[in-house]
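# Topology and contacts: notes
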Amino acid sequence: MSKITPYKDSSESKKKQVEKMFDNISGKYDGLNRVISMGTDTGWRKKVVNMVKDHNPERVLDIATGTGDLAIQIAEVASAKKIIGLDLSEGMLKVGRKKIMSKNLQTQIEMVQGDSENLPFEDQSFDVITVAFGVRNFENLELGLSEIYRVLKKGGLFIVLETSVPTKFPFKQGYGIYSNFVLPNIGKLFSKDKDAYAYLSKSAAEFPHGEKFNTILSKVGFTNIANNPQTLGVATIYNASK
């Protein structure tokens with residue numbers, strides 16, 4: 001996986017650049033995501049939430065939680081006593097905390113600023129760990145996954161929702177046109193950060209999706225690994241066990 005960064009002229013680490021990027025776009029992120037995905041991302045998240053619910057967890061960690069959409073949906077449907085949403089970007093977390101307060105879920109959901117590659121939790125702390133559209137932003141993918149493996153309980157469930165690239169004609173070609181030209185231009189119209197959505201497109205294309213990601217999960221130590229493409233392959237839901 002090549003090291004795609006949000007700001008090619010910056011000397012900062014990818015981690016710092018990603019934090020800055022999401023701080024910059026936090027106010028527009030939710031609405032713009034609905035436009036870019038044409039609303040399909042909500043259906044993908046519902047599938048993840050149902051998988052979490054079926055596992056009947058007490059403690060859930062949602063990494064790269066952003067503005068907390070997935071954490072909130074889990075709180076509303078699953079029986080988890082504690083959900084922690086973790087993200088690098090304080091700007092995104094501020095938006096998320098307002099949403100959580102408006103739904104009176106602040107006793108159930110805690111939003112924490114932190115690094116996925118150095119999780120501030122003890123070994124085997126969570127029954128379920130989720131990451132929605134976040135693993136491709138890890139600076140060191142295997143290190144981040146190893147940390148997730150460390151804090152997941154034995155018998156625990158790890159779920160990833162991530163963008164992927166369709167492989168069949170003509171969807172592959174159509175996706176290439178959309179992600180390389182349409183998506184970045186939509187981002188420029190709605191966001192002050194012209195580089196952010198160009199980066200999100202490029203990082204999606206470079207991410208080792210499908211069987212390649214399964215292999216990395218297996219290398220880290222996960223078992224019972226499965227990947228399920230969504231909407232003609234533009235996203236994939238992965239699940240694995242410890």
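Higher on the page you've got the structure.
Computed from a predicted structure; not experimentally measured.

## Comments concerning the overall build of the protein chain
Tallying secondary structure elements over the protein chain gives nine helices and seven strands in all. For the protein chain, the residues scored as buried account for 53% of the 242 residues in total. Of the roughly 11300 Å² that the protein chain leaves accessible, carbon and sulfur atoms contribute 53%.

## Some points on the sheet that holds strand β1 (residues 59-63)
Across the sheet, seven strands lie side by side as β3-β2-β1-β4-β5-β7-β6; this open sheet has mixed pairing. Every other strand in the sheet has two partners, leaving β3 (109-113) and β6 (223-230) as the edge strands with one partner each. Neighbour-to-neighbour, the strand axes of the sheet open up by a mean angle of 15°, direction not taken into account.

## Comments concerning the packing of aromatic side chains
Aromatic ring pairs are defined here through the distance separating the ring centres and the angle between the ring planes. Scanning the model with the defined rule gives six aromatic pairs in all. Aromatic side chains Tyr 149 and Phe 222 sit 5.1 Å apart centroid to centroid with 90° between the ring planes, which places their arrangement in the edge-to-face category. You can see Tyr 149 sitting in helix α6 (residues 141-151) and its partner Phe 222 sitting in the loop between α9 (211-220) and β6, a full 73 residues away along the chain. With relative accessibility at 25%, the residue Tyr 149 sits in the partly exposed group. Taking 5.2 Å as the distance between ring centres and 50° as the angle between the ring planes, the aromatic pair formed by Phe 207 and Phe 213 counts as tilted.

## Details of the nonpolar core
Counting residues in hydrophobic clusters, the biggest one holds 27 residues, and the most contacted among them are Leu 61, Ile 63, Ile 129, Leu 145, Ile 148, Phe 158 and Phe 213. Those elements giving two or more residues to this core turn out to be β1, β2 (82-87), β4 (126-132), α6, β5 (152-163), α9 and β7 (235-241). When near neighbours in sequence (up to four residues on either side) are disregarded, Ile 148 contacts Ile 63, Leu 119, Ile 129, Val 131, Phe 138, Phe 158 and Phe 222. Membership of the second largest hydrophobic core comes to 26 residues, among which are Ala 75, Ile 100, Val 128 and Ile 237.

## Considering unusual backbone geometry
Despite not being glycine, Ala 64 has its phi angle at roughly 55°, a positive value. One can find Ala 64 in the loop between β1 and α4 (69-77). In this structure Ala 64 comes out as partly exposed when scored by relative accessible area, which is 24%. Of note in the backbone geometry, Gln 124 takes a positive phi value of approximately 55° without being a glycine. Among the secondary structure elements, Gln 124 is positioned in the loop between β3 and β4.

## Comments concerning the packing of α6 against α9
One can describe the packing of α6 onto α9 by two numbers: an axis separation of 9 Å at closest approach and a directional angle of 55°. Of the possible angle classes, the one that applies to α6 and α9 is oblique. Handedness of the α6/α9 crossing: right-handed. Of the residues in α9, those touching α6 at Leu 141, Glu 142, Leu 145, Ser 146 and Tyr 149 are Phe 213, Ile 216, Leu 217, Lys 219 and Val 220. The residue inventory of the contact of α6 with α9, partitioned by class, reads seven nonpolar, one polar and two charged.

## Quick notes on the pattern of salt bridges
This model, assessed by the stated rule, comprises 14 salt bridges. The closest approach of N and O atoms between Lys 153 and Asp 127, which form a salt bridge, is 3.3 Å. Here Asp 127 lies in strand β4 and Lys 153 lies in strand β5, a separation of 26 residues in the sequence. Given a relative accessible area of 28%, Lys 153 falls into the partly exposed group. You can call Asp 127 buried: its relative accessible area is 17%. In this structure, the salt-bridge partner of Glu 142 is Lys 219, at a minimum N-O distance of 3.2 Å. Of the two residues, Glu 142 sits in helix α6 while Lys 219 sits in helix α9, which places them 77 residues apart along the sequence. For Glu 142, a relative accessible area of 33% gives the class partly exposed.

What counts, and where the lines are drawn
- Residues numbered from 1 in each chain as written.
- Predicted model: local features only at pLDDT ≥ 70, side-chain atom pairs only at ≥ 80, totals over all residues.
- Heavy atoms only, no water.
- Helix = DSSP H or I, 4+ residues; strand = E, 2+ residues; numbered from the N terminus.
- Buried < 20%, exposed > 50% of the residue type's maximum accessible area, 1.4 Å probe, protein only.
- Areas by Shrake-Rupley, 256 points an atom, 1.4 Å probe, with all protein chains shown as cover.
- Pairing = 2+ DSSP bridges.
- Axes fitted to C-alpha atoms, helices over the stretch in contact; angles between N-to-C directions.
- Phe/Tyr/Trp six-rings, centres within 6.5 Å; stacked < 30°, edge-to-face > 60°.
- Core = buried A, V, L, I, M, F, W, Y, C linked by side-chain atoms within 4.5 Å.
- Contact = heavy atoms within 4.5 Å.
- Parallel < 35°, antiparallel > 145°, perpendicular 65-115°, else oblique.
- Left-handed = near helix turned anticlockwise from the far one by under 90°.
- Nonpolar A, V, L, I, M, F, W, Y, C, P; charged D, E, K, R; others polar.
- Salt bridge = Lys/Arg side-chain N within 4 Å of Asp/Glu carboxyl O.

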